[in-house]
Amino acid sequence: MGGMNSCCIPHHINNDVDISTTTSTPKKKGHSRNLSETFNLSVIDDPNRKIENSLVNINSATEEELMTLPGISRATARNIIDYRNHIGGFKCIEDVALASGVGAAKLSHIRGDIYVSSTADPEPKSVNGNTTLQQNGTTGSKLIVSVNSANVFSLIKVKGIDMTMAKNIVAYREKHGLFKSIEDLLKIKGIAPNNLDVIRSFLTLEVKQETSTAAEPATNGVTNKAAVKEKTEDYIRRSTSSLENLLEILGPLAKVPDRPSVEAVALKHNNRNVFRLSSWNLEKFSSEKASNPGVKDVVCMTILENGFGILAVQEIADKKALTEICKELNSPTLPNVKKWKGRRGQWDCVVSEATGRMHQSMEYNGFLYDKSQGIELIKSCLIEKSLGKNKVFTRSPFVGIFKIKGIFDCVVVSVHLKATGLHGEDMDKTEKEVGSIDDMITAIKEKLKGEEDIIIVGDFNLGPEANAYEDLQQLDYVNCIPADTFTNISNNKASGSKNYDNIWISKQTQKVYTGVSGVVREGLSSTWIPNGWSWGGVVSDHCPVYTQLYADKDLDKGNLPSKDDELKINVSAISK
């Protein structure tokens, strides 16, 4: 990601765009946590719920309650409690920053989710048989949720149940039937005894139903039990099953996102077969993010609408994320993908081993490719440092060797180079990595004798006009995306402000270049992707870039490995 480490948690300003025009989104009453693109349509809060009930009182919170805050581990929660006991209670929110492991940065993450009360929250009391919570001088009904009928939207309202737990509860119930006891929740992945102790008092086994599904009196005032059962079962079915049913519950948010009006790309140019090679930094692309229907819809439809044959993906947060996209492309479940009338393809993917680290996780690189276009992945590997040498690239580049229609073969290298830093403090490191690309190409040529179609794609974090590309240009490489074409995007600045992403093709590959390249800017947001506390967020702060190449001729005689051959490519910086 250009400029700095990426972060998909929208508590932060998106620092990779024009900061002067970017503002943080204020919280709104009735919400207990901010949203992100990893939101899986499984968090809906009650607008009538008192905000105090959704915040954490740091003067009375237990370890488990503190651990529901973003970035707070058990160790940090214990430190907060120890410090609280030492000073006799927090006088203001800012005091929390002094607890070991918190600090100003982490406090900024959790500030909107906590409050300070001089006294501990009172215990629930029973008034006329109805359980109530008295808090900050108010009395209201205690939230009780049925584990045998609640959907993920209701379960997530219970403090201590996160999105993953809620989904696991519903999935377990659908597979094994209704829970016989609250202790059965210990069979759920992610729920331990200490978690159960925190949430137990808010749960019931009683099957509940919406007001709209209440029993209707039958003739002579006798309750129609059959109608009650039918409506209850219908509510449970709609609340817990398919995406379509969840979207029905969402109401206005259920509207299928609009897509740009496009025609399917004809993979012909001057009556010759072509394919499109593309690259996209999907910004901390985890399985959770890939499971968001809006994210999945945008990624899949962008691929289909633009006729991509090979997509190099940078900034993958776990190895299973691309599989989610493959599944949707091959077996559509979303309305837009289902109704697509153009080429669907037969998709496969490959993901590298860890290339380096990103914020709070390892980072991976990968390729999606359409086998129906005659695209075959011959071999893939990371480019590692030479034995005994210093590491050249912060994140190891990922090589894919492809053959298209049994004729044209090429080496595609996907890179995610070092970010320059918020104020350009790491510019020298970024320039050094850019200046080492020619060394990498030399290492590839030594391994793959005679192969001249070596294409470098990805997030370079530096525009192609920079002097650091001089050595690459001396090898007669040219960039397909012009320097004055921006490749980043945000909701605040849809036109972009930087050129980070590009495709560099060799002198040999220029002979099969159709002259068609571009940056996709349309259709990169969805009404199903949160944007702060509104909707319509972008899927990434990078746009996909692509180039189009002829696939009916191969002009070199490269010595490509077979699928059974071991492929290792090592590179070390050569003194210029």
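The notes below deal with the structure included here.

Let's talk about the packing of aromatic side chains
Phase 1 of the analysis: A full pass over the atoms with the stated rule returns nine aromatic pairs.
Phase 2 of the analysis: Taking 5.3 Å as the distance between ring centres and 80° as the angle between the ring planes, the aromatic pair formed by phenylalanine 367 and phenylalanine 402 counts as edge-to-face. Of this pair, phenylalanine 367 sits in strand S13 (residues 361-370) while phenylalanine 402 sits in strand S15 (residues 398-404), and the two are 35 residues apart along the sequence. In this structure, phenylalanine 367 and phenylalanine 402 share a single accessibility class: buried.
Phase 3 of the analysis: Feature note: the residues Phe367, Tyr369, Phe398 and Phe402 constitute an aromatic cluster, connected by ring pairs.
Phase 4 of the analysis: Over the aromatic face of tyrosine 550 sits the side chain of arginine 272, whose NZ or CZ is 3.7 Å from the ring centroid.

Things to note about the environment of valine 102
Phase 1 of the analysis: Assignment of secondary structure puts valine 102 in the loop between helix H2 (74-87) and helix H3 (103-110).
Phase 2 of the analysis: For the pair formed by valine 102 and alanine 77, sequence separation is 25 residues and the distance between their alpha carbons is 9.3 Å.
Phase 3 of the analysis: Not counting the four nearest positions on each side in its chain, valine 102 is found in contact with Thr76, Ile80, Val96, Ala97 and Leu107.

As for the side chain of aspartate 459
Phase 1 of the analysis: Secondary-structure assignment places aspartate 459 in strand S17 (residues 454-459).
Phase 2 of the analysis: Although buried, aspartate 459 forms no salt bridge, and the nearest oppositely charged side chain, arginine 395, lies 6.7 Å from it.
Phase 3 of the analysis: A distance of 3.3 Å separates the side chain of aspartate 459 from the side chain of histidine 416, its partner in a polar contact.

With respect to the pairing of strand S11 (residues 347-351)
Phase 1 of the analysis: The buried fraction of S11 amounts to four of the five residues, a majority that puts the element mostly inside the structure.
Phase 2 of the analysis: Here five bridges tie S11 to S13, and the two strands are oriented antiparallel to one another. Looking at the pairing, cysteine 349 lines up with leucine 368 of S13.

Here's the deal with the environment of glycine 515
Phase 1 of the analysis: Of note, glycine 515 is situated in strand S20 (residues 513-519).
Phase 2 of the analysis: Glycine 515 gets classed as exposed once you look at its relative accessible area, which sits at 51%.
Phase 3 of the analysis: With 35 residues separating them in the primary sequence, glycine 515 and cysteine 480 have C-alpha atoms 8.4 Å apart.

Brief notes about the pattern of salt bridges
Phase 1 of the analysis: If you walk through the whole model with that rule in mind, you get 15 salt bridges.
Phase 2 of the analysis: In this structure, arginine 200 and glutamate 183 form a salt bridge, with 2.6 Å as the shortest nitrogen-oxygen distance. Of this pair, arginine 200 sits in the loop between helix H6 (193-199) and strand S7 (203-204) while glutamate 183 sits in the loop between helix H5 (163-176) and H6, and the two are 17 residues apart along the sequence.
Phase 3 of the analysis: One salt bridge connects glutamate 324 with lysine 296, and the closest N-O pair in it is separated by 3.6 Å. Taken together, the positions of glutamate 324 in helix H11 (residues 321-330) and lysine 296 in helix H10 (residues 293-305) put the pair 28 residues apart, joining distant regions of the chain.
Phase 4 of the analysis: One salt-bridge network, held together by shared partners, links Glu63, Arg74 and Arg78.

Things to note about unusual backbone geometry
Phase 1 of the analysis: Residue lysine 405 is not a glycine yet carries a positive backbone phi of 55°.
Phase 2 of the analysis: Tracing the chain through its elements places lysine 405 in the loop between S15 and strand S16 (408-416).
Phase 3 of the analysis: At asparagine 461, a position not held by glycine, the phi torsion is positive, near 60°.
Phase 4 of the analysis: On the secondary structure map, asparagine 461 appears in the loop between S17 and helix H15 (470-474).
Phase 5 of the analysis: We classify asparagine 461 as buried; its relative accessible area is 2%.

How each quantity is defined
- Residues numbered from 1 in each chain as written.
- Predicted model: local features only at pLDDT ≥ 70, side-chain atom pairs only at ≥ 80, totals over all residues.
- Heavy atoms only, no water.
- Phe/Tyr/Trp six-rings, centres within 6.5 Å; stacked < 30°, edge-to-face > 60°.
- Helix = DSSP H or I, 4+ residues; strand = E, 2+ residues; numbered from the N terminus.
- Buried < 20%, exposed > 50% of the residue type's maximum accessible area, 1.4 Å probe, protein only.
- Lys NZ or Arg CZ within 6 Å of the ring centre and 35° of its normal.
- Contact = heavy atoms within 4.5 Å.
- Lys, Arg positive; Asp, Glu negative; His and termini not counted.
- Salt bridge = Lys/Arg side-chain N within 4 Å of Asp/Glu carboxyl O.
- Polar contact = N/O pair within 3.5 Å; in protein donor to acceptor, adjacent residues only side chain to side chain.
- Pairing = 2+ DSSP bridges.

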